[in-house]
Amino acid sequence: MALTEVKHAKGAAISLFERIAGQSLANTERLAEAIHVRPVKPGETIFGQDEPHPYIYVIETGLVKLTYLRADGEEWIKSFATEGRFFASLSALLPMGRATFSAVAIETCRLERIPFATLQALVDTDLGWSRMLRNALMILAERKERRERQFLTLDPEERYRSLIAEEPDLVLRAPQKDLAGYLGITPVGLSRIAKRVREEADT
């Protein structure tokens, strides 16, 4: 089972956090009381860039894109998040912090929203929760490092092939314009690459 995969019996967030910690966690009822289940429609903004938003989200169902809005109004997609993953703007979790990107639903989603203050209180008093947060930060850092490496070392077609190999379900679910934004190419460029890859697979 993948590190960020959810076992739904305990609820998405608690199951995920215990998986990340590698152990059962104490005082989970305290976290459960603070969780707000938020249904989100396709196209709905979960939080916006430059907004105060000190929350962590765990996805029960659905697909979310995390995006930067450039000065010219164009969108650059930093990552996607699907079922069994968590996301947050780390900058927004700091005192007086603000989100550095936006989160927008691509599909109908069911999210569990957790106030970071509640999680921080558990982390401050329990070693298991502290281990969970440390491991979660390592997961985010690894995702960021892998994303940077792909952009710096792979050309667009290689990035597309890597995405197919690593997350084939995402390629089927995400709109082509969003995939293009994630890969750093135009939708037309992506269409050409996808056609070339399909033709190669058929030969």
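Thresholds, definitions, all that
- Residues numbered from 1 in each chain as written.
- Predicted model: local features only at pLDDT ≥ 70, side-chain atom pairs only at ≥ 80, totals over all residues.
- Heavy atoms only, no water.
- Core = buried A, V, L, I, M, F, W, Y, C linked by side-chain atoms within 4.5 Å.
- Buried < 20%, exposed > 50% of the residue type's maximum accessible area, 1.4 Å probe, protein only.
- Helix = DSSP H or I, 4+ residues; strand = E, 2+ residues; numbered from the N terminus.
- Contact = heavy atoms within 4.5 Å.
- Pairing = 2+ DSSP bridges.
- Salt bridge = Lys/Arg side-chain N within 4 Å of Asp/Glu carboxyl O.

By the naming in an unreviewed UniProt entry, the protein chain is CRP-like cAMP-binding protein, taken from Ensifer adhaerens.

A. Here's a closer look at the nonpolar core. Counting residues in each nonpolar core, the largest one holds 25 residues, and the members touching the most others are Phe17, Leu31, Val58, Phe86, Trp129 and Met132. Among the secondary structure elements, those contributing two or more residues to this core are helix H1 (12-21), strand E3 (55-61), helix H4 (116-125) and helix H5 (127-153). Considering each element in turn, this core owes the most residues, seven residues, to H1. Beyond its immediate sequence surroundings of up to four residues, phenylalanine 86 is in contact with Leu16, Ile20, Ile56, Tyr57, Val58, Ala136, Ile139, Leu140 and Arg143. The next biggest cluster of nonpolar side chains, apart from the first, holds 18 residues, and it includes Phe80, Leu163, Ala180 and Ile193.

B. Summary view of the pairing of strand E4 (residues 64-69). Sheet topology note: the E4/strand E5 (residues 75-81) ladder contains six bridges and is antiparallel. Residue pairing across strands places threonine 67 opposite isoleucine 77, the latter belonging to E5. Hairpin connection of E4 to E5: five residues between the antiparallel strands, including glycine 73 at a positive phi of 90°.

C. Spatial organisation of the pattern of salt bridges. Scanning the entire structure with this criterion turns up 15 salt bridges. A salt bridge links glutamate 83 to arginine 173, with the nearest nitrogen and oxygen atoms 3.0 Å apart. With a gap of 90 residues between them, glutamate 83 in the loop between E5 and strand E6 (86-87) and arginine 173 in helix H7 (residues 168-173) connect regions that are remote in the sequence. For arginine 173, a relative accessible area of 22% puts it in the partly exposed group.

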